[in-house]
Amino acid sequence: MANKPTACLALADGTVFYGQGFGAPGEVVAELVFNTAMTGYQEIMTDPSYASQVVTFTFPHIGNTGITPEDDEAPDPVASGIVVRWDPTDPSNWRAAGDLPDWMARRGRIGIGGVDTRRLTRAIRQQGAPHVVLAHDPDGNFDIAAMVAKARDWTGLVGLDLARDVTCRQSYRWDQGAWEWGKGFGTSPEQKPFKVVALDYGAKRNILRSLVAFGADVTVLPATATAEEVLAHDPEGVFLSNGPGDPAATGEYAVPMIKDLLDRDMPIFGICLGHQMLALALGAKTVKMGHGHHGANHPVRDTETGKVEITSMNHGFAVDSQTLPAGVIETHVSLFDGSNCGIRVQDKPVFSVQYHPEAAPGPQDSLYLFQRFTDAMRNRRTGA
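Calculation rules
Residues numbered from 1 in each chain as written. Predicted model: local features only at pLDDT ≥ 70, side-chain atom pairs only at ≥ 80, totals over all residues. Heavy atoms only, no water. Helix = DSSP H or I, 4+ residues; strand = E, 2+ residues; numbered from the N terminus. Buried < 20%, exposed > 50% of the residue type's maximum accessible area, 1.4 Å probe, protein only. Pairing = 2+ DSSP bridges. Phe/Tyr/Trp six-rings, centres within 6.5 Å; stacked < 30°, edge-to-face > 60°. Lys NZ or Arg CZ within 6 Å of the ring centre and 35° of its normal.

**What about the environment of Ala 232?**
Relative to the elements of secondary structure, Ala 232 occurs in the loop between α7 (227–231) and β13 (237–240). Accessibility expressed as a relative area gives 64% for Ala 232, which makes it exposed. Residues Ala 232 and Ile 329 lie 97 residues apart in sequence; the distance between their C-alpha atoms is 30 Å.

Laid out in structure tokens, this is it:
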């Protein structure tokens, strides 16, 4: 390197990557994952599902679309840091209201550029998502031995309940709909929208927008809400959001609540961690994946129709399809590794998917799932 390194990434196995730091100075310990999306780095950084993770982008050009407040999926970035091949480029986008390094510096997030991300991605694929320490020091002073030791000592995500850290602190109503070119964010298109309670395990804003766009009046409750608190809002449907951490840990308090709701004839729709929570409540188990699924180009097959959807994914745990009980049907599977990507309960309006039908970023092949949820609530309302 022509310039002295100002950032360092130390893996628990002792491997060290040097580069140029950007964003905030400091140090963080986290799990390292790679994301294959070519766009949407801001949405990825602000996705609460990335709590306690550093994201390596396989696409080399990060920063070229700048930063736009409309694209935030949470009030602040949640991912611990990012690793990129080239130093972030200057924005070249009419929507840009700032650039990536300044945004990260203001929000306290660390970045490292100039890293061989192909080599790093291969290592993650072969060995699994490692524990790492990412440090940024403008003076270039690093205690490598101490960094490696911290990475080795970190307990990791297994057994870690992170939903409590990223959930809202009190309930609130969400009425912002999907973004449209030249119009901005819309509102619910129905005069009498369906009352939906969304459990916030780390909900992305575009999920809430999609619910509104398909006819929901959304009230968001904290992850720790009880069944009594949910039912107090007299919902016509319940949504279980995405989120970070180990589903078994979050399930300690979420699963009993979901079980109570399952005893009532009420539509339930889950995404990502919400999918895993629903599966646990139905009696299945979840497992930690090697390197997880993170990207906007993941093919998923609908087992009931044969249709293949290209989906956006972000998860490091998965539902073990071998543990699904009788009456629970596997509806979607990954064409990458055959892992479970969706379930439904036979003869009940209850279903969930592992991937992100709301995209942000990613394709919109799976938006129909929001319509399916709306149709279930309409059928319940009309007695169909």
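**Some remarks on the pairing of strand β4 (residues 53–57)**
Burial analysis of β4 places 5 of its 5 residues in the buried class, which makes it a mostly covered element. Judged from the 5 bridges that link them, strand β3 (residues 26–35) and β4 form a sheet pairing that is parallel. Bridge assignment links Glu 31 to a residue of β4, and that residue is Gln 53. Note that β4 and strand β5 (residues 81–83) share 3 bridges and pair parallel.

**What to know about the pairing of strand β19 (residues 350–353)**
By the alternation rule, side chains of β19 split into Val 350 and Ser 352 and Phe 351 and Val 353, which are all buried. Two elements, strand β14 (residues 268–271) and β19, share 4 bridges in a ladder whose sense is parallel. The residue of β19 that forms the bridge with Gly 270 is Ser 352. Pairing analysis gives 3 bridges linking strand β18 (residues 340–345) to β19, with the strands arranged antiparallel.

**Re the packing of aromatic side chains**
One pass over the full model with this rule turns up 7 aromatic pairs. Clustering of aromatic rings is evident, with ring pairs tying together Phe 214, Phe 239, Phe 269, Phe 351, Phe 370 and Phe 373. Geometry around Trp 179 places Arg 95 over its ring, the cationic atom sitting 5.2 Å from the centre. Above the plane of the ring of Phe 317 lies Lys 288, whose end atom (NZ or CZ) is 5.4 Å from the centre.

Structural measurements only, silent on function.
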